[in-house]
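The residues making up each chain are set out below.
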Amino acid sequence: MNIDDFNGLPRAEEIAGRISQEHARVVAELRGALARCENGGIDKGTVNAVLIAELLPRLVDAYGPLGVAGVLGQLAAHVAQSHHGAPLTRQ
């Protein structure tokens, strides 16, 4: 089973015509890594924490702390307004 089957995202092959080859390759690589972690029994919370820890410094380096804070604030507001699942918080 492919990770895309779980999260409802289109397969990298399906979106390749709409994005650059480089972007499609990165999407495929990341989804493959996520699937390997999932299939290897690594907890999703651990995977998510590592992804954030690896991504945030790269984002700050690229866009600055205020740019990243602004985008994350907008994203958090969107998630809070559109999420219809259980109100789960985790720290």
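What you are looking at is a predicted structure, and each value in this text was computed from that prediction instead of being measured.

(A) The arrangement of the overall build of the protein in detail. Secondary structure assignment for the protein yields four helices and zero strands. When the helices and strands of the protein are listed from N to C terminus, the series reads α-α-α-α. For the protein, contacts bridging at least 24 residues in sequence account for 26% of all contacts bridging at least 6. Carbon together with sulfur atoms contributes 60% to the accessible area of the protein, which is approximately 7,500 Å² in total.

(B) Just the pattern of salt bridges, in detail. Throughout the structure, instances matching the rule amount to one salt bridge. The residue K44 makes a salt bridge to E38 at a minimum N-O spacing of 3.9 Å.

(C) Geometry of helix α4 (residues 44-82). For α4, built from 39 residues, the straight-helix expectation of 57 Å at 1.5 Å per residue is missed by more than 12%, its first-to-last C-alpha distance being only 22 Å. Its axis deflected by about 110° at G64, α4 carries its strongest bend there, up to four residues before the proline P65. Considered for burial, the residues of α4 that qualify are V47, G64 and V68. Residues of α4 that are buried make contact with α3 (21-39). Of the residues flanking the start of α4, the one acting as N-cap is D43, its side-chain oxygen 2.9 Å from the backbone nitrogen of G45.

(D) Structural detail: the confidence of the model for the protein. For the protein, per-residue confidence averages 81 on the pLDDT scale, and 73% of positions sit at 70 or higher. Note on residues 1-6: pLDDT is under 50 here. Beyond four places in sequence and across chains, it has 13 contacts.

(E) Structural detail: α3. The first and last C-alpha atoms of α3 sit 26 Å apart over 19 residues, in line with the 27 Å expected at 1.5 Å per residue. Three or more residues of α3 are buried, namely A24, V27, R31 and A35. The arc that holds the buried residues of α3, viewed along the axis, is 65°, so those residues lie on one side. Opposite its buried face, α3 presents the exposed residues E22, R25 and R36, each directed more than 90 degrees away.

(F) A look at a nonpolar patch on the surface. Residues I52, L56, L72, L75 and V79 make up a contiguous nonpolar surface patch of about 410 Å² in total accessible area. Of the residues examined, L72 reaches a relative accessible area of 38% and is grouped as partly exposed.

Definitions and cut-offs
- Residues numbered from 1 in each chain as written.
- Predicted model: local features only at pLDDT ≥ 70, side-chain atom pairs only at ≥ 80, totals over all residues.
- Heavy atoms only, no water.
- Helix = DSSP H or I, 4+ residues; strand = E, 2+ residues; numbered from the N terminus.
- Contact = heavy atoms within 4.5 Å.
- Areas by Shrake-Rupley, 256 points an atom, 1.4 Å probe, with all protein chains shown as cover.
- Salt bridge = Lys/Arg side-chain N within 4 Å of Asp/Glu carboxyl O.
- Expected span 1.5 Å × (residues − 1).
- Bend = angle between axes of the 7 residues up to and from the residue.
- Buried < 20%, exposed > 50% of the residue type's maximum accessible area, 1.4 Å probe, protein only.
- Polar contact = N/O pair within 3.5 Å; in protein donor to acceptor, adjacent residues only side chain to side chain.
- pLDDT = per-residue confidence, 0-100.
- Arc of directions from axis to C-beta.
- Patch = residues over 30% accessible without salt bridge, like charges linked within 9 Å, V, L, I, M, F, W, Y side chains within 5 Å.

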